[in-house]
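Spelled out from the first residue to the last, the chains are:
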Amino acid sequence: MVLSALSNRVGGAAGAVTGLFADPVVRLGVTGLSRAGKTVFITSLVANLFHSGRMSQLRSAATVQIQSTFLQPQPDDTVARFEYERNLDALLAAILSWPDGAKTISQLRWSFRLAPSGMLSALSLPRMLHLDIVDYLGEWLLDIGLLDLSYEQWAAAALASAEKRREARAFYALLSGVDGSAPFDDVTASGLAVAYAGYLQQARRAGFSNLTSSRFLLLGELAGSLVLTFAPLLIGEAGKGSFQAEMKRRFEAYKSKIVKPFFRDHFAKLDRQIVLVDLLKSLADGPDAVADMERAMGAVLVAFRPGRRGFLKEVLRRKRIDRILFAASKADHLHHLHNPALTAMVEALTQSARDKARFRGALTAAMSIAAMRSTAEMELSSDGHALPGEKGLEKFGGKTIGFYPGEFPNSSASVLYQARSDSLDWDSGLFADQNSAPSQLSLAPGVGPPHIRLDKAVEFLIGDLL
Ligand SMILES: Nc1nc2c(ncn2[C@@H]2O[C@H](COP(=O)(O)OP(=O)(O)OP(=O)(O)O)[C@@H](O)[C@H]2O)c(=O)[nH]1
Ligand SMILES: [Mg+2]
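First, a word on what this report is: a plain description of the structure on this page.

**What about the pairing of strand β11 (residues 385-393)?**
Part 1: Inspection of the sheet shows strand β10 (residues 375-382) paired to β11 by 8 bridges, in the antiparallel sense. The residue of β11 that forms the bridge with Leu380 is Leu387.
Part 2: Here β10 folds back onto β11, and the loop between the two strands holds 2 residues, one of which, Asp383, carries a positive phi near 50 degrees.
Part 3: The pairing of β11 with strand β12 (residues 400-403) spans 4 bridges and is antiparallel. Bridge pairing links Lys391 to Gly402 in β12.

As structure tokens, this is what we get:
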């Protein structure tokens, strides 16, 4: 591929686009549970395509010359723009920090002017390709499962998982005083909803992933609205006007006013998808977190294989996502010797879902990547033994430290078996994830931020379109 004259003009380049409406538009969804690495992925992806010196694995564009790339005003009036410049500044600033968490969906339109190179160059004209990159929370995909559940079924399942968790104690204390057959009252409803949201947020911090209803995790501008003021109850006999009947009505409103519009207006328009998974954090959080992450992945993946009937089938019509990449993020927290084991683990975690998606005609792959490499490898020693470690900046304090995360488990099958069976001898117990600050970058001309296999990921996701 010849990448020449890469420009990073923003917005003003819109005039350079001819035949805007006829040019192909490809929509790439970037998702993953909260903090999985979506913002860093998009920011590094765009920066590395503007300055593509580190993208040597982007092979399929060998016959194409990218004459220019530029960001454009994005096409949807009601969707926030992904703040590429602000996020890049955060990564490159003197006081290093990672970007803030997102509260809503955002997107970026990025356009390429492509021309055939080599022998073909005289035969065809340059063409335009627009790539819309859509950043949305993976938790929203978990909600697809709610559409098939009645309030009673959801409440039973939500309480069954909350029951064993310490984080749910305050919610349970409140729930025990609620009589579902009593007349509805607002004060109890909002107290219960706040306690339920508090439980979900704490459970997420403790490493749990499979948490519904997802909008309770990040309340945003809907905080306090009726669609977010409900909670699961211990189901009993309850008539019209009762507390339980109103909770049920609000649960149905959540499905129709929040869940369905997201799938109809955003998800159904995607062509390609990357699902980022922070497996290293789940491993460090322990067997419950790994098992819950596996359940969450299973639930997320339901969205990628719609059945023969039902809401999803109806909104997707004949359209479908034709490439899905599952990527374990932050692979720079591990020495490269352990990266194959991380890839094997994300492969194992998504195996059955990938098989089904493949069966439906989508191309799928699993990888481990670091969108922004913030560590360097180093050899540490312990009792005269060499250990494959990393060094990076401390998250707070800015000192460079050497780090050995522990023995990364080699057998994904045994980790998943132990996690699922709640086994007491958790081999991975010694593995601790690292959380460093981004490394100080001084980017040479023509190169984007350092990464691990970001180019391979992009090759899989859009290489065929270039
Ligand atoms: N070392 C390393 N850390 C990363 C990388 N990508 C993300 N991180 C870390 O993960 C955190 C979350 O990354 P984000 O990109 O903000 O994650 P997100 O999925 O957009 O998070 P939300 O918007 O809150 O859902 C960052 O603050 C970093 O600490 C990476 O490639 N390498
Ligand atoms: Mg984000």
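**A word on helix α4 (residues 151-163)**
Part 1: Taking 1.5 Å per residue, 13 residues should reach 18 Å; α4 reaches 18 Å between its end C-alpha atoms and fits that length.
Part 2: Along α4, the positions that sit buried rather than exposed are Tyr151, Trp154, Ala155, Ala158, Leu159 and Ala162. Looking straight down α4, one finds that the buried residues subtend no more than 125 degrees of arc, so they occupy a single side.
Part 3: Against the buried residues of α4 lie α5 (169-175), α6 (186-205) and α7 (243-265).

**Here we look at the environment of Ala189**
Part 1: As for its position among the elements, Ala189 is in helix α6.
Part 2: Considered as a pair, Ala189 and Val178 are 11 residues apart in the sequence and their alpha carbons are 9.4 Å apart.
Part 3: Not counting residues within four places of it along the chain, the set of residues in contact with Ala189 comprises Phe184, Thr229, Phe243, Met247 and Arg250.

**Section: unusual backbone geometry**
Part 1: Across the junction of Thr212 and Ser213, the peptide omega takes the value 0 degrees, indicating a cis bond.
Part 2: For Ser213, the position within the fold is in the loop between α6 and α7.
Part 3: Positive phi outside glycine occurs at Arg35, with the angle close to 70 degrees.
Part 4: With respect to the secondary-structure elements, Arg35 resides in the loop between β2 (25-32) and α1 (38-50).
Part 5: Residues other than glycine seldom take positive phi values, yet Arg453 does so here, at roughly 60 degrees.
Part 6: By the element assignment, Arg453 lies in the loop between α12 (412-420) and α13 (454-462).
Part 7: Look at Arg453 and you get partly exposed, because its relative accessible area is 26%.

**Here we look at the packing of α1 against α13**
Part 1: Between α1 and α13, the shortest axis-to-axis distance is 11 Å and the interhelical angle comes to 90 degrees. Judged by the inter-axis angle, α1 sits roughly perpendicular to α13. Across the interface between the two elements, Phe41, Ser44, Leu45, Asn48 and Leu49 from α1 touch Leu454, Val458 and Leu461 from α13.
Part 2: Residues belonging to the contact of α1 with α13 are distributed by class as follows: 6 nonpolar, 2 polar and no charged.

**Observations regarding the environment of Leu465**
Part 1: On the secondary structure map, Leu465 appears in the segment after α13.
Part 2: Taking C-alpha positions, Leu465 is 8.8 Å from Val26, a pair spaced 439 residues apart along the chain.
Part 3: For Leu465, the residues in contact, after removing those within four places along its chain, are Val26, Leu114, Arg127, Leu129 and Arg272.

**Here we look at the side chain of His338**
Part 1: Mapping His338 onto the fold places it in the loop between β8 (323-328) and α11 (339-359).
Part 2: Beyond its immediate stretch of four places on either side in the chain, His338 contacts Pro388, Glu407 and Phe408.

**Re the packing of aromatic side chains**
Part 1: Here the structure, examined in full by the defined rule, presents 20 aromatic pairs.
Part 2: Here the aromatic rings of Phe171 and Tyr172 are separated by 5.9 Å at their centres, their planes lie at 70 degrees, and the arrangement is edge-to-face.
Part 3: Taking relative accessible area as the criterion, Tyr172 reaches 22% and is therefore assigned partly exposed.
Part 4: Through a chain of ring-to-ring contacts, three or more aromatic side chains come together here, namely Tyr151, Trp154, Phe171, Tyr172, Tyr196, Tyr199, Phe216, Phe230, Phe251 and Tyr254.

**Examining the sheet that holds β11**
Part 1: Here 3 strands make up an open sheet; going across it, the order is β10-β11-β12 and the pairing antiparallel. Lying at the two open borders of the sheet, with one neighbouring strand each, are β10 and β12. Averaged over neighbouring strand pairs, the angle between their axes works out to 35 degrees when direction is ignored.

**Remarks on the pattern of salt bridges**
A side chain with one charge can pair with a side chain of the opposite charge if their charged atoms come near.
Part 1: Evaluated as defined, the whole model comprises 19 salt bridges.
Part 2: Asp464 serves as the salt-bridge partner of Arg272, at 2.9 Å between the closest nitrogen and oxygen. A residue pair is termed long-range when its members are at least 10 positions apart, and Arg272 in strand β7 (residues 272-277) and Asp464 in the segment after α13 qualify at 192 residues.
Part 3: Between Glu294 and Arg420 there is a salt bridge, with its nearest N and O atoms 2.6 Å apart. Here Arg420 lies in helix α12 and Glu294 lies in helix α9 (residues 287-302), a separation of 126 residues in the sequence.
Part 4: Its relative accessible area of 17% is what places Glu294 among the buried residues.

Basis of the calculations
- Residues numbered from 1 in each chain as written.
- Chains lettered and ligands numbered in written order.
- Predicted model: local features only at pLDDT ≥ 70, side-chain atom pairs only at ≥ 80, totals over all residues.
- Heavy atoms only, no water.
- Pairing = 2+ DSSP bridges.
- Helix = DSSP H or I, 4+ residues; strand = E, 2+ residues; numbered from the N terminus.
- Expected span 1.5 Å × (residues − 1).
- Buried < 20%, exposed > 50% of the residue type's maximum accessible area, 1.4 Å probe, protein only.
- Arc of directions from axis to C-beta.
- Contact = heavy atoms within 4.5 Å.
- Axes fitted to C-alpha atoms, helices over the stretch in contact; angles between N-to-C directions.
- Parallel < 35°, antiparallel > 145°, perpendicular 65-115°, else oblique.
- Nonpolar A, V, L, I, M, F, W, Y, C, P; charged D, E, K, R; others polar.
- Phe/Tyr/Trp six-rings, centres within 6.5 Å; stacked < 30°, edge-to-face > 60°.
- Salt bridge = Lys/Arg side-chain N within 4 Å of Asp/Glu carboxyl O.

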